[in-house]
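# Structure at a glance
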Amino acid sequence: MKRLVNLTVNGTARELAVEPRRTLLALLREDLGLTGTKQGCAEGDCGACAVLLDGEPVNACLVLALEAAGCEVLTIEGVAADGTLDPLQQAFIDAGAVQCGFCTPGMVLVARALLARHAAPTPREVRHAIAGNLCRCTGYQKIEDAILLAARRRAAGGTP
Ligand code: FES
Ligand code: FES
């Protein structure tokens, strides 16, 4: 039997009726049409489905929709503001960290959580933060470069 879940997604309050076993990933992609959150393994192994739940990265395929009740969810669709890319998104482009792009939404969100905790992370901290996010294209170096670039730009007060 379906149950109501209330949560906030990208700043908008939502109320949906969901089956108890429905995942947050299915709610986002299928109920809300937010397909920027990717489905890879659906088993918690790839990080393609990473979103922020009250600011913390989670794999949405492992979170039940009902567990997100009362929480703030941020997906990649909520990152850009007023049509302007988020500085992390811009840094991914500038550093050449986007190839097929499948991993990019999850990477950007995990990086966002990292920079919220550590304004100036070390390369090792960056690698640790993205350890649960698989990328088959870049070899990870350019992703690390992008996250460090975003941190440097923020510290320099250039790109906000
Ligand atoms: S789809 Fe969720 S971790 Fe792979
Ligand atoms: S850019 Fe293709 S999987 Fe990362």
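Parameters and conventions
Residues numbered from 1 in each chain as written. Chains lettered and ligands numbered in written order. Predicted model: local features only at pLDDT ≥ 70, side-chain atom pairs only at ≥ 80, totals over all residues. Helix = DSSP H or I, 4+ residues; strand = E, 2+ residues; numbered from the N terminus. Rg over C-alpha atoms; globule rule 2.2 N^0.38 Å. Buried ≥ 20, exposed ≤ 12 C-beta atoms within 10 Å, placed from the backbone. Contact = placed C-beta atoms within 7 Å. Pairing = 2+ DSSP bridges. Axes fitted to C-alpha atoms, helices over the stretch in contact; angles between N-to-C directions. Domains from an automatic or database assignment.

When helices and strands are counted, the protein shows 5 helices and 5 strands. Moving toward the C terminus, one meets the helices and strands of the protein in the order β-β-α-β-β-β-α-α-α-α. Its C-alpha atoms give the protein a radius of gyration of 16 Å, within 12% of the compact-globule value 15 Å for 160 residues. Within the span of the protein, comprising 160 residues, buried residues form 39% of the whole. Counted over contacts in the protein with a minimum sequence separation of 6, partners at least 24 positions apart contribute 60%.

Here we come to the sheet that holds strand 5 (residues 72-74). Spatially, 5 strands are ordered 2-1-5-3-4 in an open sheet, and the strand pairing comes out mixed. Two strands lie at the open edges of the sheet, namely strand 2 (12-18) and strand 4 (56-59), each paired on one side alone. Across the sheet, the mean angle separating the axes of adjacent strands is 40 degrees when strand polarity is ignored. Of the strand pairs in this sheet, strand 1 (residues 3-9) and strand 5 are connected by 2 bridges, and their pairing is parallel. When the bridges of strand 5 are listed, Val9 appears paired with Val73. Packed onto the sheet, helix 3 (residues 104-117) meets strand 3 (50-53), strand 4 and strand 5 and runs at close to 35 degrees relative to strand 3.

Our focus in this paragraph is the domain arrangement of the protein. Considered domain by domain, the protein is made up of domain 1 (3-78) and domain 2 (87-155). Computed over C-alpha atoms, the centres of domain 1 and domain 2 are 21 Å apart. In this assembly, 15 residues from domain 1 lie in contact with 13 residues from domain 2. Elements that contribute at least two residues to the side of domain 1 that touches domain 2 include exactly strand 3 and strand 4. Sorting elements by how many residues they give to the side of domain 1 that touches domain 2 places strand 3 first, with 3 residues.

Even without being glycine, Asn10 reaches a positive phi, approximately 50 degrees. Here Asn10 lies in the loop between strand 1 and strand 2. A positive phi angle, close to 55 degrees, is found at Asp82, a residue other than glycine. Its location among the elements puts Asp82 in the loop between strand 5 and helix 2 (87-94). Residue classification places Asp82 among the exposed positions, given that 4 C-beta atoms sit within 10 Å.

Attention now goes to helix 2. Three or more residues of helix 2 are buried, namely Pro87, Leu88, Gln89, Ala91 and Phe92. Structurally, helix 2 contributes buried residues whose contacts are with helix 3 and helix 5 (141-156). At the exit of helix 2 stands Gly96, carrying a positive phi of roughly 70 degrees.

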